Amino acid sequence: FFLLCFSSLRLMEDSVTTAEIDSFEILPDEEIPLPDSTIEGSSFIILNEDAEDDEEEKEEEKSVFQGIRPKWVRDESSSICTHCSSPFTFFRRRHHCRFCGGLFCNDCCHVQAAFPVWFGYETPQRVCEVCLPLLFNKRQEEREKTMEISIIRSNSGPDLVASGFHTSKEEILSLPLRFLHPLCKFAFWFSGMYEGGSFDRTYINAAACMNIPLFVGDPVKSIVKRSIPVPKKWPSYDDEEWETHSIHNLADNQLVKMPLYIFTPEGNEKSLPILVWYHGGGFCLGSAENMVYQTICRSLAKRANCIVVSVEYRLAPEYKFPTQVEDAYAALRWVHENAESFGGDPSNIAVGGDSAGGSLSAVVSILARDREFPVNLKHQLLVYPCITDPLTNDIESHVKYAEGPVLSRTVCEWFMNQVFDNVEEGLKHPFASPLHLESHHDLPPATIINALHDPLCDHGKLYADKLKEAGVPATRSVYCKSLHGFFGSNIGESKEAVAESATALKKAFN
């Protein structure tokens, strides 16, 4: 009975899939319903019904129309993975790539990603490693609007709008991520992150460094810890001695060691490209040793085939602004000067980070331009960065997500009070709010990743617009079922976002 029911369900599923594939077509004039007519249960809207009857124009429309999705036939005959040639087993399951139709194993087809709406998929579908770069390129393409008859979805499918690719039209947070808000709220309170509290990050760091199987990450060849010299205290930007300040002018007792973690991908390649990664945490939390950041660095190293240098910059409130900025830039300079010692290419460097680390990546890109860094940075990967004052009410996402989830207005205020002696004056500095910099010309190309349920979501849109106005290539993706901190969590849309980031880096390095 169980097998009979299961077989029936599979047949139903196959029939639905087939129906979906065959249900997309361009209708002739006479078959198009009137604007005020309603088709019950239809999931499409027909626009611009007044197409001309000329047969030549119809043929031209069909030639312009790109099709809804690639044409492929489900293949059940093969017993090995198309990519790695490993045999399929109970644990190494067989999956179809929805982009090319090939058969792949779990390892070679484990990312589920949102397709452009014109493919016709309403939910994320599996994509093989070979097709992932092609899919992410398609997601950022503007579709030519040359058709007289346009068929669009009116449901929750993904879409490309002026502000970037959105993975869904639904604004519903992924179920597993909903539990993070109360959990983080308790952790923040327990650590003393409230007005008058005695702040202690010990317990958060201890929990974040636990080795949980979910965060094991991709294999890498090696992880090496190095330490670089930095001043015990960087001068204020208002200090007259700043212009002549250099670690080479300081005695040993004026310097301290700042750790770096170097992730080298598997293989024997020499002179690999380098990503300098800055972790998030509001400039007050986080560590390069945290399991989430270990996972991120491992994944980016493998997928982008690059060396990832994760920077353990110093945190507030012990170290105030601009310590975090100058530590980040000092790490970049050290990486360039010592790249060959750990197998890196000093001429092929990109920067990236999430949250506060995304902010540091944007600022370091500006510093590299203004301070005449020896080489041009290849790329800046900005994952939900804070690009301007997060405490205002003149940005829609600030107001909409003032209560979180996870990153609330109260938490942002607490972070800013730890970073700056004077929050109002500190946030006016262009290195604290790079959105308001006088010029954004000659900066490296940018990939911006945003979570929709995040007060910093609109920061990505504003900064992408600024960069584009200055002639800097910038792409942006909004993960509509995610919140601040989802990147690298292996929950929901995390794997898709990491894969997109790695694809952008690999393209930039090549």
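Note that the coordinates shown come from a computational prediction; the quantities given were computed from them, not determined experimentally. (Residues numbered from 1 in each chain as written. Predicted model: local features only at pLDDT ≥ 70, side-chain atom pairs only at ≥ 80, totals over all residues. Heavy atoms only, no water.)

Student: Looking at this model, I keep getting lost on the pattern of salt bridges. Mind explaining?
Tutor: Note on pairing: side chains with opposite charge can pair once their charged atoms come close. By the definition in use, this model includes 14 salt bridges. Among the ionic pairs, Lys302 bridges to Asp218, the shortest N-O distance being 4.0 Å. Of this pair, Lys302 sits in helix α6 (residues 291–304) while Asp218 sits in the loop between α5 (202–208) and β9 (222–231), and the two are 84 residues apart along the sequence. The class for Lys302 is partly exposed, based on a relative accessible area of 45%. (Salt bridge = Lys/Arg side-chain N within 4 Å of Asp/Glu carboxyl O. Helix = DSSP H or I, 4+ residues; strand = E, 2+ residues; numbered from the N terminus. Buried < 20%, exposed > 50% of the residue type's maximum accessible area, 1.4 Å probe, protein only.)

Student: Even after reading the chapter, I still don't get unusual backbone geometry, so can you show me in this structure?
Tutor: A negative phi angle characterises most non-glycine residues, just as the trans form characterises most peptide bonds. Along the chain, Ala316 connects to Pro317 via a cis peptide bond; the corresponding omega equals 5°. In this fold, Pro317 is placed in the loop between β12 (307–311) and α7 (323–338). Despite not being glycine, Glu372 shows a phi value in the positive range, around 55°. In this structure, Glu372 sits in the loop between α8 (356–370) and β14 (380–383). You can call Glu372 exposed: its relative accessible area is 68%.

Student: Is there a simple way to think about empty space enclosed by the protein in this case?
Tutor: Gaps left between atoms are located by rolling a probe of water-molecule size over the structure's atoms. Throughout the structure, instances matching the rule amount to two cavities of 30 Å³ or more. Considering only enclosed or pocket space, the largest cavity measures out at about 130 Å³ in volume. In this structure, the largest cavity is lined by 15 residues; those nearest its centre are Phe283, Ser359, Phe420, Phe431 and Ala432. Counting residues per element, the lining of the largest cavity draws most heavily on α8, which supplies three residues. A breakdown of the residues in the lining of the largest cavity according to their chemical character gives 13 nonpolar, two polar and no charged. (1 Å grid on protein atoms, 1.4 Å probe; cavity = no way out; pocket = protein on both sides within 12 Å on 5 of 7 lines; lining within 4 Å. Points joined across faces, edges and corners; volume = space filled by probe spheres on them. Nonpolar A, V, L, I, M, F, W, Y, C, P; charged D, E, K, R; others polar.)

Student: Explain helix α12 (residues 457–469) to me, please; I cannot follow it from the model alone.
Tutor: Residue pairs three or four apart in sequence face the same way in an α-helix, which turns once every 3.6 residues. Helix length check: α12, at 13 residues, gives a terminal C-alpha distance of 19 Å against a target of 18 Å (1.5 Å per residue), a fit within 8%. Buried positions along α12 lie against α8, β14, α9 (396–400), β15 (446–453) and β16 (474–483). Trailing α12 by a residue or two, Gly471 shows a phi angle of about 85°, which is positive. (Expected span 1.5 Å × (residues − 1). Contact = heavy atoms within 4.5 Å.)

Student: I'm lost on the nonpolar core in this one. Help?
Tutor: Across soluble globular proteins, nonpolar side chains have a tendency to be buried as a group. Trp277, Tyr278, Leu300, Leu332 and Tyr463 are the most contacted members of the largest nonpolar core, which has 108 residues in total. Ignoring anything within four residues of it in the chain, the contact list for Tyr463 reads Ala362, Ile366, Leu382, Ile387, Pro434, Leu435, His440, Leu443 and Ile448. (Core = buried A, V, L, I, M, F, W, Y, C linked by side-chain atoms within 4.5 Å.)

Student: Would you take a moment to explain the layout of surface pockets for this structure?
Tutor: Volume-wise, the largest pocket comes out at about 1,200 Å³. Taken together, 46 residues make up the lining of the largest pocket; nearest its centre are Cys184, Phe188, Ile204, Val406 and Gly485. Going through the elements one at a time, α4 (180–190), α5, α6, α8 and α10 (409–419) are the ones with two or more residues in the lining of the largest pocket. If one sorts the elements of the lining of the largest pocket by residue count, α4 sits on top with seven residues. Looking at the lining of the largest pocket residue by residue, the class counts come to 34 nonpolar, 11 polar and one charged.

Student: Just to check I follow, could you spell out the packing of aromatic side chains for this structure?
Tutor: The geometry of an aromatic ring pair is captured by the separation of the ring centres together with the interplanar angle, meaning the angle of the planes. Within this structure, the stated rule accounts for 16 aromatic pairs. When the ring of Tyr329 is compared with that of Phe373, the centres are 6.4 Å apart and the planes differ by 65°; the resulting orientation is edge-to-face. Here Phe373 lies in the loop between α8 and β14 and Tyr329 lies in helix α7, a separation of 44 residues in the sequence. As far as the burial class goes, Tyr329 and Phe373 line up, both buried. Between Tyr384 and Phe486, the aromatic rings sit 6.0 Å apart at their centres with planes inclined by 50°, giving tilted as the arrangement. Placement of the pair is Tyr384 in the loop between β14 and α9 and Phe486 in the loop between β16 and α13 (494–509), with a sequence separation of 102 residues. Looking at Tyr384, the relative accessible area reads 1%, which means it is buried. Its relative accessible area of 0% is what places Phe486 among the buried residues. (Phe/Tyr/Trp six-rings, centres within 6.5 Å; stacked < 30°, edge-to-face > 60°.)

Student: What am I meant to see in a nonpolar patch on the surface here?
Tutor: Judged by side-chain polarity, Phe186, Trp189, Phe190, Tyr194 and Tyr203 come together as a nonpolar surface patch covering roughly 620 Å² of accessible area. It is α4 that provides the largest number of residues to the nonpolar patch, a total of three residues. Relative to the helices and strands, Phe190 is located in helix α4. Phe190 gets classed as partly exposed once you look at its relative accessible area, which sits at 47%. (Patch = residues over 30% accessible without salt bridge, like charges linked within 9 Å, V, L, I, M, F, W, Y side chains within 5 Å. Areas by Shrake-Rupley, 256 points an atom, 1.4 Å probe, with all protein chains shown as cover.)

Student: In this structure, what is going on with the pairing of β15? I would like to understand it.
Tutor: Summarising burial for β15: eight of the eight residues are buried, a large majority. Taken together, the seven bridges between β15 and β16 define a ladder with parallel strand orientation. Bridge pairing in β16 places Ala446 opposite Ala474. Once you follow β15 into α12 and on to β16, the crossover reads as right-handed. (Pairing = 2+ DSSP bridges. Right-handed = clockwise from strand over helix to strand, strands pointing away.)

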